[in-house]
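Overview (structure and organization)
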Amino acid sequence: MVLSRKKDINSIVAERRRELRDLPTVLVPVWQIKIRERFGISVDREIAKYIVLAAHENGTWKRQRAMKKIEKLLQERGESKENSARIAKEIIDLVIGSAEY
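Given the structure is predicted, the values throughout are model-derived calculations rather than measurements.

**Side note on the environment of L74**
Structurally, L74 can be placed in helix α4 (residues 62–76). Considered as a pair, L74 and A85 are 11 residues apart in the sequence and their alpha carbons are 8.5 Å apart. Setting aside chain neighbours within four positions, we find L74 in contact with I47, E79, S84, I87 and A88.

**Examining the packing of α4 against helix α5 (residues 81–95)**
Their axes nearest at 8 Å, the elements α4 and α5 cross at an angle of 135°. Relative to α5, the element α4 lies oblique. As α4 runs across α5, the sense of the crossing is right-handed. Contact residues: R63, A66, M67, I70, E71, L74 and Q75 in α4; K81, S84, A85, I87, A88, K89, I92 and D93 in α5.

**Notes on the packing of aromatic side chains**
Pairs of aromatic rings are described using the distance from one ring centre to the other and the angle between the two planes. Within this structure, the stated rule accounts for zero aromatic pairs. Its end group placed over the ring of W31, K34 keeps NZ or CZ at 4.2 Å from the ring centre. The residue whose ring lies beneath K49 is Y50, and the NZ or CZ to ring-centre distance is 5.4 Å.

**Points about α4**
With 15 residues, α4 extends 21 Å between its outermost C-alpha atoms, agreeing within 8% with the 21 Å of an ideal straight helix rising 1.5 Å per residue. Within the sequence span of α4, burial applies to K62, A66, M67, I70, E71, L73 and L74. In a view along the axis of α4, the buried residues occupy a sector of 160°, so they form one face of it. For α4, exposure combined with an orientation more than 90 degrees from the buried face picks out K68, K72 and E76. At the C-terminal side of α4, G78 shows a positive phi close to 105°.

Conventions used here
- Residues numbered from 1 in each chain as written.
- Predicted model: local features only at pLDDT ≥ 70, side-chain atom pairs only at ≥ 80, totals over all residues.
- Heavy atoms only, no water.
- Helix = DSSP H or I, 4+ residues; strand = E, 2+ residues; numbered from the N terminus.
- Contact = heavy atoms within 4.5 Å.
- Axes fitted to C-alpha atoms, helices over the stretch in contact; angles between N-to-C directions.
- Parallel < 35°, antiparallel > 145°, perpendicular 65-115°, else oblique.
- Left-handed = near helix turned anticlockwise from the far one by under 90°.
- Phe/Tyr/Trp six-rings, centres within 6.5 Å; stacked < 30°, edge-to-face > 60°.
- Lys NZ or Arg CZ within 6 Å of the ring centre and 35° of its normal.
- Expected span 1.5 Å × (residues − 1).
- Buried < 20%, exposed > 50% of the residue type's maximum accessible area, 1.4 Å probe, protein only.
- Arc of directions from axis to C-beta.

This is how it looks when you write it as structure tokens:
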């Protein structure tokens with residue numbers, strides 16, 4: 001009984017994640033423009049995608065996941081670990097912390 005309930009919960013979570021992946025592609029450029037106009041920073045498409053997912057997901061760890069993913073992207077682009085962590089935190093705090101949705 002418990003096993004079947006756990007499977008149901010996992011299937012619900014998997015379905016919700018699929019819905020998040022199916023967000024309209026137009027949201028990413030719209031958020032890029034919104035971030036540039038409102039906060040004066042330019043973010044590329046990959047970083048904007050994580051911001052959109054974090055803003056539209058109702059999960060508990062959305063901010064932390066987005067920060068880690070953005071941090072990893074910045075490290076792959078040559079930023080130091082400390083600097084990329086700081087930049088990712090500032091971006092998420094600025095955009096998600098004050099986003100109106």
